[in-house]
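Residue-level structural notes
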Amino acid sequence: NAGVTQTPKFQVLKTGQSMTLQCAQDMNHNSMYWYRQDPGMGLRLIYYSASEGTTDKGEVPNGYNVSRLNKREFSLRLESAAPSQTSVYFCASSEYRGSTAPLHFGNGTRLTVT
Amino acid sequence: QKEVEQDPGPLSVPEGAIVSLNCTYSNSAFQYFMWYRQYSRKGPELLMYTYSSGNKEDGRFTAQVDKSSKYISLFIRDSQPSDSATYLCAMSQTGANNLFFGTGTRLTVIP
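Heads up: these notes are all about the structure in this document. (Residues numbered from 1 in each chain as written. Chains lettered and ligands numbered in written order. Predicted model: local features only at pLDDT ≥ 70, side-chain atom pairs only at ≥ 80, totals over all residues. Heavy atoms only, no water.)

1. Some points on the overall build of chain A
In terms of helices and strands, chain A carries 0 helices and 11 strands. From first element to last, N terminus to C terminus, chain A shows the α and β order β-β-β-β-β-β-β-β-β-β-β. Taking 114 residues into account, the globule formula puts the C-alpha radius of gyration at 13 Å, and chain A, at 13 Å, falls close to it. Projected onto its principal axes, the C-alpha positions of chain A cover 35 × 25 × 25 Å. Considering chain A as a whole, with its 114 residues, one finds that 49% of them fall into the buried category. Per element, the accessible surface of chain A, about 5,200 Å² overall, is 47% carbon and sulfur. Distance between charge centroids for chain A: 6 Å, based on 11 positive and 8 negative side chains. (Helix = DSSP H or I, 4+ residues; strand = E, 2+ residues; numbered from the N terminus. Rg over C-alpha atoms; globule rule 2.2 N^0.38 Å. Buried < 20%, exposed > 50% of the residue type's maximum accessible area, 1.4 Å probe, protein only. Areas by Shrake-Rupley, 256 points an atom, 1.4 Å probe, with all protein chains shown as cover. Lys, Arg positive; Asp, Glu negative; His and termini not counted. Charge placed at Lys NZ, Arg CZ, Asp CG, Glu CD.)

Here it is, written out as structure tokens:
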């Protein structure tokens, strides 16, 4: 039962470096999401993909780009990392679109930008 | 003002105690209310899902929604050390694309 798989689990970047966070789900879900979790801020939505072929901005999209590669995979790219992007990033999926659908989360990527 | 307010704790209780976790919110349009449990170094997992006002029970867990007071609660009966985790409330409204999360309450159940 893999569910939602995120890679890598940990990453340290220098300011200005780029990287892509990978996410894949095996539940045949239609919608996928990227959140960041920061102390005192809770989970905040970065980008989401309601269905294959579509992506939309969430609450905090600046500095990020996404790609819905196919129904299973949704990647998050940091083009020029900044210390403010130090966070724990969670990918999630849901069976149907919309904020009312229960989310299934991966176990996160812990990113530090120095 | 944040959309969702949640006391971060931490909260420590002895094994067997009844635990009450709470969130308040400001948006009267919220109709869907969820509780997620997050163990250390893991992703959140859905614990309870309720629509509109009322109570929902699942084993040792009971979720309550009071829309008139904009207040939701999660009760854990006969708490166990395995319940030690951070509990996140979340809520949304019909037609919206975003789910609003509380900051989480960290709970420790002491054997």
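2. Some remarks on the overall build of chain B
Assigned secondary structure in chain B consists of 0 helices and 11 strands. Sequence-ordered secondary structure for chain B, helices as α and strands as β, is β-β-β-β-β-β-β-β-β-β-β. In terms of overall size, chain B behaves like a compact globule, its C-alpha atoms giving a radius of gyration of 13 Å where 111 residues would be expected to give roughly 13 Å. Each principal axis of the C-alpha distribution contributes one length, and for chain B these read about 45 × 30 × 20 Å. Here chain B, with 111 residues, has 44% of them falling under the buried criterion. Taking contacts inside chain B between residues at least 6 apart in sequence as the whole, the part at least 24 apart equals 55%. With an accessible surface of roughly 5,300 Å², chain B has 47% of that area assigned to carbon and sulfur atoms. Side chains of chain B give 10 positive and 10 negative charges; the mean places of these two sets differ by 5 Å. (Contact = heavy atoms within 4.5 Å.)

3. Describing the layout of surface pockets
Here the largest pocket is characterised by a volume of approximately 610 Å³. If you trace the largest pocket, you find 23 residues lining it, with A:Gln37, A:Pro39, B:Gln38, B:Thr86 and B:Arg106 closest to the centre. Those elements that place two or more of their residues in the lining of the largest pocket are β4 (31–38) and β9 (87–94) of chain A together with β9 (85–92) and β11 (105–110) of chain B. Grouping the amino acids of the lining of the largest pocket by side-chain chemistry returns 7 nonpolar, 11 polar and 5 charged. (1 Å grid on protein atoms, 1.4 Å probe; cavity = no way out; pocket = protein on both sides within 12 Å on 5 of 7 lines; lining within 4 Å. Points joined across faces, edges and corners; volume = space filled by probe spheres on them. Nonpolar A, V, L, I, M, F, W, Y, C, P; charged D, E, K, R; others polar.)

4. Remarks on the side chain of A:Gln6
Residues and elements named next belong to chain A. Along the polypeptide, glutamine 6 turns up in strand β1 (residues 4–7). Reaching out from glutamine 6, the side chain makes a polar contact with the backbone oxygen of tyrosine 89 at a distance of 3.0 Å. One polar contact links the side chain of glutamine 6 to the main-chain amide nitrogen of cysteine 91, over a distance of 3.0 Å. When near neighbours in sequence (up to four residues on either side) are disregarded, glutamine 6 contacts Gln22, Trp34, Tyr89, Phe90, Cys91, Gly106, Asn107, Gly108 and Thr109. (Polar contact = N/O pair within 3.5 Å; in protein donor to acceptor, adjacent residues only side chain to side chain.)

5. Side note on the packing of aromatic side chains
Inspection of the entire model under this criterion finds 14 aromatic pairs over all chains. When the centroid spacing of 6.4 Å and the interplanar angle of 25° are considered together, the rings of A:Tyr33 and A:Tyr48 count as stacked. With A:Tyr33 in strand β4 and A:Tyr48 in strand β5 (residues 42–49), this residue pair connects regions lying 15 residues apart in the sequence. Between A:Phe105 and B:Tyr36 the ring centres are 5.8 Å apart and the planes differ by 90°, which places this aromatic pair in the edge-to-face class. Taken as a pair, A:Phe105 in strand β10 (residues 104–105) and B:Tyr36 in strand β4 (residues 32–38) lie in two separate chains rather than in one. Judged on exposure class, the residue A:Phe105 and its partner B:Tyr36 are both buried. Put simply, the rings of A:Tyr33, A:Tyr35, A:Tyr48, A:Phe90, A:Phe105, B:Tyr36 and B:Phe101 pair up and form one aromatic cluster. (Phe/Tyr/Trp six-rings, centres within 6.5 Å; stacked < 30°, edge-to-face > 60°.)

6. Notes on the sheet that holds β1(A)
As a general point, the strands of a sheet are linked pairwise by backbone hydrogen bonds and lie either parallel or antiparallel. Residue and element names in this part refer to chain A. Taken together, the 4 strands give an open sheet; going across it, the order is β1-β3-β8-β7, and neighbouring strands pair in antiparallel fashion. Either end of the sheet is taken by a strand with one partner, and the two such strands are β1 and β7 (64–68). Geometrically, the sheet is characterised by an average inter-axis angle of 20° between neighbouring strands, direction not taken into account. As paired elements, β7 and strand β8 (residues 74–78) share 5 bridges and run antiparallel to each other. Looking at the pairing, valine 66 lines up with leucine 76 of β8. (Pairing = 2+ DSSP bridges. Axes fitted to C-alpha atoms, helices over the stretch in contact; angles between N-to-C directions.)

That's the geometry; what it means functionally is another story.
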